[in-house]
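# Close look at the chain arrangement
Each chain, written out:
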There are 2 protein chains.
Amino acid sequence: MKKATVQITAQQPIKNPSVQTPVMMKSTDGLYINIHEAALINYPAMALNVEGFKLSAHLVPDAVGNKGYMQTDAQTPWRTIIVSDKATDILSSKLILNLNEPCTYEDVSWIKPVKYIGVWWEYFVSGKSTWAYSDVTNVKLTDDFSKFKPNGRHGATNENVKKYIDFAAKHGFNAVLVEGWNIGWEDWIGNWKEEVFDFVTPYPDFNVKELNAYAESKGVKLIMHHETSASATNYERRLHKAFQFMKDNGYNAVKTGYVGDIIPRGEHHDSQWMVNHYIHVARTAADYKIMVNSHEAVRPTGLIRTYPNWIAQESARGTEFEAMGGLSPDHTTILPFTRLKGGPMDYTPGIFQTDLSYYGTGSTQRVNTTLAKQLAYYVTMYSPLQMAADMPENYERFADAFQFIKDVAVDWDDTYVLEAEPGDYITIARKAKGKDEWFVGGITDENARTANINFSYLPKGKKFTATIYADGKDASWNGKQQSYTIKKITVTSESKLKQQLAPGGGVAISIK
Amino acid sequence: MKKATVQITAQQPIKNPSVQTPVMMKSTDGLYINIHEAALINYPAMALNVEGFKLSAHLVPDAVGNKGYMQTDAQTPWRTIIVSDKATDILSSKLILNLNEPCTYEDVSWIKPVKYIGVWWEYFVSGKSTWAYSDVTNVKLTDDFSKFKPNGRHGATNENVKKYIDFAAKHGFNAVLVEGWNIGWEDWIGNWKEEVFDFVTPYPDFNVKELNAYAESKGVKLIMHHETSASATNYERRLHKAFQFMKDNGYNAVKTGYVGDIIPRGEHHDSQWMVNHYIHVARTAADYKIMVNSHEAVRPTGLIRTYPNWIAQESARGTEFEAMGGLSPDHTTILPFTRLKGGPMDYTPGIFQTDLSYYGTGSTQRVNTTLAKQLAYYVTMYSPLQMAADMPENYERFADAFQFIKDVAVDWDDTYVLEAEPGDYITIARKAKGKDEWFVGGITDENARTANINFSYLPKGKKFTATIYADGKDASWNGKQQSYTIKKITVTSESKLKQQLAPGGGVAISIK
């Protein structure tokens, strides 16, 4: 329990033993049980108190200790229980999504799947760059940042962003996320500071117009970043100006962040007021035809059906935690049964340089997967917004493996859950939207295993070329992570493939 | 103390004995001492703990019990102590105003003094009209109010508002305040309801465009009303649309209200977050060239110098309390020494029908002044925004006395405090801005007295006509309130007038 509640100031342990939903269980006689909620609107999020085998709802309280405020006739969120004797049924279930109201927007033509890279992972691992422009430790939004001495490690510079734009354009990515572009990062956290960011003022070395024009000339979009530092009131006050600024400069998507203690002070990330805040942001963004990818927000409950521009969320431990203590090898065999039942997760997969000691920062941390498993995530971790999170130079070192990330779809016609056992393994196949292309992802926990992959979903009587990105024979999550093989085979709907996965490994297959 | 803290959910007693500032004291040896604060920005309001003769600052805490949040280098508000052996000096002091920063706006041409009437007092006393359109007790902003059965008592109807517009035009008022024009009043209070008003949707019988066009055709403005029910977060979310709605429809001034328990929940009317909220509203209003008159907001600290569009506030017991238990006859001999040291007060004077049993509602309440004292308030209670609060039909019954309200200035070149003793009496003369007109107001507490009024501020060697609106010989605040006399005399700068004031009475003089 202690390890489970590492303090990143976006989570707070409940006093009594409790568990976040979706919670995934398996009975001794093999019944799979999933408990969550759907359509969380104007109500606090539910956790589950755990007393032995008895579960009860814990509603996240507000600043004065009240659970919620309702006016008759009100609808509480649905309480969902998905039960099956097959784990694959749990993954296939659309119960939670379907319990949400249909899309409220008339025009959704502006909401599009996105494959993106970003000035981001280098902040966590490279030791060479950071969000902040200077090393001043006490800044205000009214300061003239051009008068500060640059620290020489600022990542969101014109030069660096152009490098990412070039790379995105070269390899067919839709967009480049840039974090650390706006003033305030010098003391953005830990001070419960309300006026922490203004969302419209770039650092002196980040030229908004120039970079957006450059990106546009290359057919690439920049993705805006709005870290709020959990100062939701500040964000709401500035929301219209921030979104107008985005539209004026050509942005159509924003990643939001809520790291820190919430303002309104005393509220929680998952209390009713904040639940409403996230929806308010998504709905307001829709007025500006902006897509939202929220991090550290309340975990989703299928609202992407109603507000499809709220295109993805983090809301669970994503890749960044691989650089902050690490994730266990079974983590991503659990997430599709838990966090992802509520909606798409911006997990930010695609780390090729998994051994972080490579950067010479003194870190001995590893991303706890093989390289091939990172590829598999593009299929196993559903999101219409998918990042290739590693740095361009790392992808260039493994151009053959990178080809899978370039090829893989981000939007799908259909999904086939081939094998699954929560905490152990998942194998999923998906058909690319509007294309005769299929992609398969298979992952395992810390144990090696043989994935049984069938291709029965392929059109009958036709032959396809499957490119298999697999763990090398000597690969392992805590050994030779970058050992992988790529081979092409011919498959039909009758084919069966027994594919060996390394400990903490995976397999990714593209079929054309 | 118990009587002093009547619960109107816009005030909350402090546990220990304490007093709101500005506090006015007089020592046994005749020294007048006034304690307040100036330039309250980004800091909680200060009350004073009282332990015998020891005073100490009590800062209003936030939702989690913290007093305030500061980032170096920060400025706390000034603590002000004004001391004199003359009470008149206390009233004349501009210390608090001058300790505020100069005006932050470049263009102030749109900020103008206003004399107004309003669809307002009738809600408190007539028994015939009210804010709400229907008697439904549970409404939502998404409801179609046109489907509700009207209660027949709605005050903000096209017909009634036109009557007020006609009266305003006829008698030279600048504006008509209309409360109860927008949906939500059916259950606006007591439920800690966040989405309580939307500020843009009129009731079915209030035609915004038609009424504003009608008012404009008569040279009159409508004053917008934004009761927030203390749901500040809701107001902030809707602020831009609300102000844009005002501009689109011709409004240039808004009366805001904060009756109720604050949202963000746990915050107080006077805590740091709310202090910032009021300023945020005033500054945002300035972007739209809108003037703000806030009720139930933190008491002012001279910020009208910095933000002159925050033209007036209530922030102490005003006339409405005469209909809710009554004000003591010495109340208004104290306010200029206390509440008004921070800035103009929208006291809403001018009640002619002071005995409320007149309306046949069963009320035996009285406004605890003579009619003449109500006239004097236009001089003693400084505000560039002044209301004639009574109903048109009452002014028509006392057309001769009403002439003073029509004549009196709302903006001044100079002020002469002639006599003053806190809790006992005040006599003030003022010169109308840019005009050779002077107005004098004198008031007394429950005791009759003789005001000694000099005219030494008049240009020397010239004769002027002074119209004196005085208490009748038999007048009294708890007897013949409407007994008054009007006479004209000739005065020069050498004149001295001994004017008898009735118990709870007053005198008003216009000089041309």
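These numbers were taken from a predicted model, which means no experiment stands behind them. (Residues numbered from 1 in each chain as written. Chains lettered and ligands numbered in written order. Predicted model: local features only at pLDDT ≥ 70, side-chain atom pairs only at ≥ 80, totals over all residues. Heavy atoms only, no water.)

## A closer look at the overall build of chain A
Scanning chain A from terminus to terminus reveals 11 helices and 21 strands. Taken against the 2.2 N^0.38 rule, which gives 24 Å for 512 residues, the C-alpha radius of gyration of chain A at 22 Å falls within 12% of a compact globule. Taken along its principal axes, the extent of the C-alpha atoms in chain A is 65 × 55 × 50 Å. The buried share among the 512 residues of chain A stands at 61%. Total accessible area on chain A is roughly 20,000 Å²; 51% of this is exposed by carbon and sulfur atoms. Where the 55 positive side-chain charges of chain A centre and where its 57 negative ones centre are 4 Å apart. (Helix = DSSP H or I, 4+ residues; strand = E, 2+ residues; numbered from the N terminus. Rg over C-alpha atoms; globule rule 2.2 N^0.38 Å. Buried < 20%, exposed > 50% of the residue type's maximum accessible area, 1.4 Å probe, protein only. Areas by Shrake-Rupley, 256 points an atom, 1.4 Å probe, with all protein chains shown as cover. Lys, Arg positive; Asp, Glu negative; His and termini not counted. Charge placed at Lys NZ, Arg CZ, Asp CG, Glu CD.)

## Re the interface of chain B and chain A
With 29 residues of chain B in contact, the opposing surface of chain A contributes 30 residues. Both sides together, the interface formed by chain B and chain A hides about 2,400 Å², and carbon and sulfur atoms give 46% of it. Contact with chain A buries surface across chain B, with Q71, R237 and R265 of chain B losing the most and accounting together for 30% of the total. Seen at the junction of chain B and chain A, the total is four salt bridges. K140 of chain A is paired through a salt bridge with D73 of chain B; the nearest N and O atoms lie 3.5 Å apart. Summed over the shared surface of chain B and chain A, the result is 16 residue pairs in polar contact (both at pLDDT 80 or more). Of the residues assigned to the side of chain B that touches chain A, the class counts are nine nonpolar, nine polar and 11 charged. (Contact = heavy atoms within 4.5 Å. Buried area = accessible area lost by both parts, 1.4 Å probe. Salt bridge = Lys/Arg side-chain N within 4 Å of Asp/Glu carboxyl O. Polar contact = N/O pair within 3.5 Å; in protein donor to acceptor, adjacent residues only side chain to side chain. Nonpolar A, V, L, I, M, F, W, Y, C, P; charged D, E, K, R; others polar.)

## A short note on the side chain of E322 of chain A
Residues and elements named next belong to chain A. Mapped onto the elements of the fold, E322 is located in the loop between strand 12 (312-313) and helix 8 (331-334). Buried charge without a salt bridge: E322, with K373 as the nearest opposite-charge side chain at an N-O distance of 7.4 Å. Within polar-contact distance, the side chain of E322 engages the backbone nitrogen of L327 at 3.1 Å.

## Focus on the packing of aromatic side chains
Summed over the entire model, instances satisfying the criterion amount to 71 aromatic pairs over all chains. Taking 4.5 Å as the distance between ring centres and 20° as the angle between the ring planes, the aromatic pair formed by Y395 of chain A and F402 of chain A counts as stacked. Look at Y395 of chain A and you get buried, because its relative accessible area is 0%. Members of the aromatic cluster, connected to one another through ring pairs, are W120, W121, Y123, F124, W131, W185, W188, F197, F199 and Y235 of chain A. The ring of Y425 of chain B carries R449 of chain B above its face, with NZ or CZ at 3.5 Å from the centroid. (Phe/Tyr/Trp six-rings, centres within 6.5 Å; stacked < 30°, edge-to-face > 60°. Lys NZ or Arg CZ within 6 Å of the ring centre and 35° of its normal.)

## Describing the pattern of salt bridges
Following the criterion strictly, the structure yields 36 salt bridges over all chains and no others. The salt bridge involving R237 of chain A is made with E236 of chain B; its shortest N-O contact spans 2.7 Å. One end of the pair, R237 of chain A, is in helix 6 (residues 232-249); the other, E236 of chain B, is in helix 6 (residues 232-249), on a second chain. For R237 of chain A, a relative accessible area of 13% corresponds to the buried category. According to the relative accessible area criterion, E236 of chain B is buried, its value standing at 7%.

## So, the relation of the copies chain B and chain A
Overlaying chain B on chain A yields an RMSD of 0.0 Å, the required transformation being a rotation through 180° with an accompanying axial translation of 0.0 Å. Look at the turn and shift together and you get a two-fold axis relating the two. When the interface residues of chain B are mapped onto chain A, 100% of them are again interface residues, pointing to one common binding face. (Least-squares fit on C-alpha atoms with pLDDT ≥ 70 in both.)

## Re a nonpolar patch on the surface
A contiguous nonpolar surface patch, about 260 Å² in accessible area, is contributed by L31, I81 and V83 of chain A. Relative to the assigned elements, L31 of chain A resides in the loop between strand 2 (23-26) and strand 3 (32-38). (Patch = residues over 30% accessible without salt bridge, like charges linked within 9 Å, V, L, I, M, F, W, Y side chains within 5 Å.)

## Points about the sheet that holds strand 2 of chain A
Residues and elements named next belong to chain A. Across the sheet, which stays open at both edges, the three strands sit in the order 2-3-6 with antiparallel pairing between neighbours. Looking at which strands have only one partner, the edges of the open sheet turn out to be strand 2 and strand 6 (78-84). Across this sheet, the average inter-strand angle for adjacent strands is 20°, counted without regard to direction. Relative to strand 6, strand 3 runs antiparallel, the two sharing seven bridges. For I33, the partnering residue across the bridge sits in strand 6 and is V83. (Pairing = 2+ DSSP bridges. Axes fitted to C-alpha atoms, helices over the stretch in contact; angles between N-to-C directions.)

## Some words on the environment of T142 of chain A
Summarising the element assignment, T142 of chain A is placed in the loop between helix 3 (121-125) and helix 4 (158-171). Considered as a pair, T142 of chain A and A429 of chain A are 287 residues apart in the sequence and their alpha carbons are 52 Å apart.

## Some words on the sheet that holds strand 21 (residues 506-511) of chain A
Residue and element names in this part refer to chain A. On the basis of which strands lie adjacent, the open sheet formed by six strands has the order 14-15-16-21-18-19 and antiparallel pairing. Among the strands making up the open sheet, the edge pair consists of strand 14 (412-421) and strand 19 (484-491). Averaged over all neighbouring strand pairs, the angle between strand axes comes to 15°, with direction disregarded. Sheet topology places strand 16 (residues 438-444) next to strand 21; six bridges connect them, and they run antiparallel.

## Examining the side chain of H225 of chain A
All names here are of chain A. Examined against the element boundaries, H225 turns out to sit in strand 9 (residues 221-227). Residue H225 is classed as buried on the basis of its relative accessible area of 2%. A polar contact is formed between the side chain of H225 and the side chain of E179, at a distance of 3.4 Å. Once residues lying within four places of it in the same chain are set aside, the contact partners of H225 are L177, V178, E179, G180, W181, W185, V254 and K255.

## With respect to the domain arrangement of chain A
Residues and elements named next belong to chain A. If you check the domain split of chain A, you get domain 1 (5-98), domain 2 (114-315) and domain 3 (418-511). Placing a centre on the C-alpha atoms of domain 1 and another on those of domain 3 gives a separation of 32 Å. Taken together, the contact between domain 1 and domain 3 spans six residues of the former and seven residues of the latter. Here domain 1 meets domain 3 over a buried area of about 420 Å², counting both sides, of which 74% is carbon and sulfur. Per-residue buried area on domain 1 facing domain 3 is highest for A87, T88 and L91; these three make up 64% of the total on that side. Along the contact surface separating domain 1 from domain 3 lie one salt bridge. (Domains from an automatic or database assignment.)

## Overview of the environment of K460 of chain B
The topology assignment puts K460 of chain B in the loop between strand 17 (449-454) and strand 18 (464-471). A sequence separation of 33 residues divides K460 of chain B from S493 of chain B, and the C-alpha atoms of the two residues are 5.5 Å apart.

## Here we look at the packing of helix 6 of chain B against helix 7 (residues 272-287) of chain B
Residues and elements named next belong to chain B. Two elements in contact, helix 6 and helix 7, have axes separated by 11 Å at closest approach and are oriented at 5°. Taken together, the axes of helix 6 and helix 7 lie roughly parallel to each other. Here A232, T233, Y235, E236, L239, H240 and F243 of helix 6 come into contact with helix 7, specifically with W273, M274, H277, H280, V281, T284 and A285. Each residue belonging to the contact of helix 6 with helix 7 can be placed in one class, and the counts come to eight nonpolar, five polar and one charged. (Parallel < 35°, antiparallel > 145°, perpendicular 65-115°, else oblique.)

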